[in-house]
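Coordinate analysis (summary)
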Amino acid sequence: MSIGYCCISLGVNANRMKKDFISVNRGMIKKTFDSKGLPYVSELTLQNITDCKKILQYNVSKDISVYRMSSDMFPCIGFYKIKDLPKYDLIKSKMIDLGNYIKSNNIRVSFHPSHFNIIASENPDVVSRSIDELDKHAELMDMMELEQSTYYPINIHIGTTKPNTTIAAQRFCDSFSLLSDSCKSRLTVENDDSPNQYSVKMLYDMVYKVIGIPIVFDQHHFLYGPKDQSMEEALTLAISTWKTKALTHMSSSKKLEDIKGLATAHADYIYEKIETFGLDFDVEIEAKCKDLAVLKYRKDFI
DNA sequence: CCAGGTCAAGGGAGT
DNA sequence: ACTCCCTTGACCTGG
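The paragraphs below set out a description of the structure included in this document.

Looking at the overall build of chain A
If you tally the helices and strands in chain A, you get nine helices and eight strands. Radius of gyration (C-alpha) of chain A: 19 Å, near the 19 Å computed for a compact globule of 302 residues. The C-alpha extent of chain A, read off along each of the three principal axes, is 50 × 45 × 40 Å. The 302 residues of chain A split such that 52% are buried. In chain A, the proportion of contacts linking residues at least 24 apart, taken out of those at least 6 apart, comes to 75%.

Structure, rendered in structure tokens:
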């Protein structure tokens, strides 16, 4: 089992001034995009890619080999074609370099595009925008020359239950066929944290059986989703859908740190040992304290 | 220079 | 039909 974290690194910025902060998600609002245009996108993107490598190097130094890359690395990615960016050749060569570093250090990276990507939406415009953005995530993986498999997953939720979970899941499967082959080969789907949304078992029956994409098991979401299986059953079922080593999510409830906190919100650190039931899988820790939570988890539990 | 209001985006619950 | 919230961190502006 390898354990990693998502996007932002706190440790890499210890003792660093604001000015030289290492960040992979420099972005901009639409107004700035309209006034400064693509050259500014390229400028921020190049800085983000440069810093992403620094974070990966830091991860390697801490023996952290799982990392979720930020979807904000290319700001406002829905507004342009990647190949239209100024300095595309430079961007591309830095992405190849990043990919080489990832491969030669056996790092497993993933993407988790935002919750606005809903290919099951009843609104066709939302579907086509989501397809475009998901395909672009796959294009970034391709730019890094990472193999097209769920070893490098692009993970999303179904994102809607309209008009009911069955029909929405069908639309998810229908829209899946509209994605690029590159994206299809990497797409995974994750269980939800609400009793009205999708459990692992529902995803297995409604999505996996139809289009065969793996299920990302989120241990924290499991506690708050539909209660139709034990954790061991749900984890085992989710793991069974993977051809590559499975990826899972782990977090602790904010309630454990703050009695007023939301149960479904993420805590700063992890307070429970990850249940494996004898299975092998990778883990992305979703905790506010990011890499520091990974280091603390290993100290506390391993 | 900094605090805090705001941000492209959808969905869902409540009214 | 409408409002507000979810959830998140960084942007950006006004003081």
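More follows now that the structure is in view.
Section: the pattern of salt bridges
When their charged atoms lie close together, side chains carrying opposite charge are able to pair. Going through the model one piece at a time under the given rule, you end up with 17 salt bridges. Here Lys-184 and Asp-181 are joined by a salt bridge, their closest N and O atoms 3.6 Å apart. With a gap of three residues between them, Lys-184 and Asp-181 both fall in helix α5 (residues 181-184), about one helical turn apart. The class of Lys-184 is partly exposed, set by a relative accessible area of 26%. Counted as one network, the salt bridges with shared partners bring together Arg-108, Lys-245, Asp-280 and Asp-282.

What about the protein's contact with DNA strand C?
Close to DNA strand C lie Ile-8, Asn-25, Arg-26, Gly-27, Met-28, Ile-29, Lys-31, Thr-32, Leu-262, Thr-264, His-266 and Lys-288, which account for all nearby residues. At the protein interface, 100% of the atoms of DNA strand C within 4 Å belong to sugar or phosphate. Within the side chain of Lys-288, one N or O atom sits 3.4 Å away from a phosphate oxygen of DNA strand C. Across the surface near DNA strand C, the residue classes tally to four nonpolar, five polar and three charged.

Focus: a nonpolar patch on the surface
On the surface, Ile-8, Leu-10 and Leu-292 cluster together into a nonpolar patch covering about 200 Å² of accessible area. Mapping Leu-10 onto the fold places it in the loop between β1 (3-6) and α1 (30-61). Residue classification places Leu-10 among the partly exposed positions, given a relative accessible area of 34%.

Quick look at the pairing of β1
Bridging between β1 and strand β8 (residues 281-285) involves two bridges; their strand directions are parallel. Within β8, the position partnered with Gly-4 by the bridge is Glu-284. Where β1 lies against strand β2 (residues 66-69), two bridges are found, and the strand directions are parallel. Of the residues in β2, the one forming a bridge with Tyr-5 is Tyr-67.

A closer look at the protein's contact with DNA strand B
As a structural note, the neighbourhood of DNA strand B is formed by 16 residues, with Ile-29, Lys-30, Ser-121, Arg-129 and Thr-161 the closest of them. Each atom of DNA strand B within 4 Å of the protein was classed as base or backbone; sugar and phosphate made up 65%. At a separation of 2.8 Å, a phosphate oxygen of DNA strand B approaches a polar side-chain atom of Ser-121. Measuring from a phosphate oxygen of DNA strand B, one finds a side-chain N or O atom of Thr-160 at 3.2 Å. Those elements giving two or more residues to the surface near DNA strand B turn out to be α1 and α3 (124-143). Ranked by the residues each element gives to the surface near DNA strand B, the list is headed by α3, at three residues.

The rules behind the values
- Residues numbered from 1 in each chain as written.
- Chains lettered and ligands numbered in written order.
- Predicted model: local features only at pLDDT ≥ 70, side-chain atom pairs only at ≥ 80, totals over all residues.
- Heavy atoms only, no water.
- Helix = DSSP H or I, 4+ residues; strand = E, 2+ residues; numbered from the N terminus.
- Rg over C-alpha atoms; globule rule 2.2 N^0.38 Å.
- Buried < 20%, exposed > 50% of the residue type's maximum accessible area, 1.4 Å probe, protein only.
- Contact = heavy atoms within 4.5 Å.
- Salt bridge = Lys/Arg side-chain N within 4 Å of Asp/Glu carboxyl O.
- Near = heavy atom within 4 Å.
- Polar contact = N/O pair within 3.5 Å; in protein donor to acceptor, adjacent residues only side chain to side chain.
- Nonpolar A, V, L, I, M, F, W, Y, C, P; charged D, E, K, R; others polar.
- Patch = residues over 30% accessible without salt bridge, like charges linked within 9 Å, V, L, I, M, F, W, Y side chains within 5 Å.
- Areas by Shrake-Rupley, 256 points an atom, 1.4 Å probe, with all protein chains shown as cover.
- Pairing = 2+ DSSP bridges.

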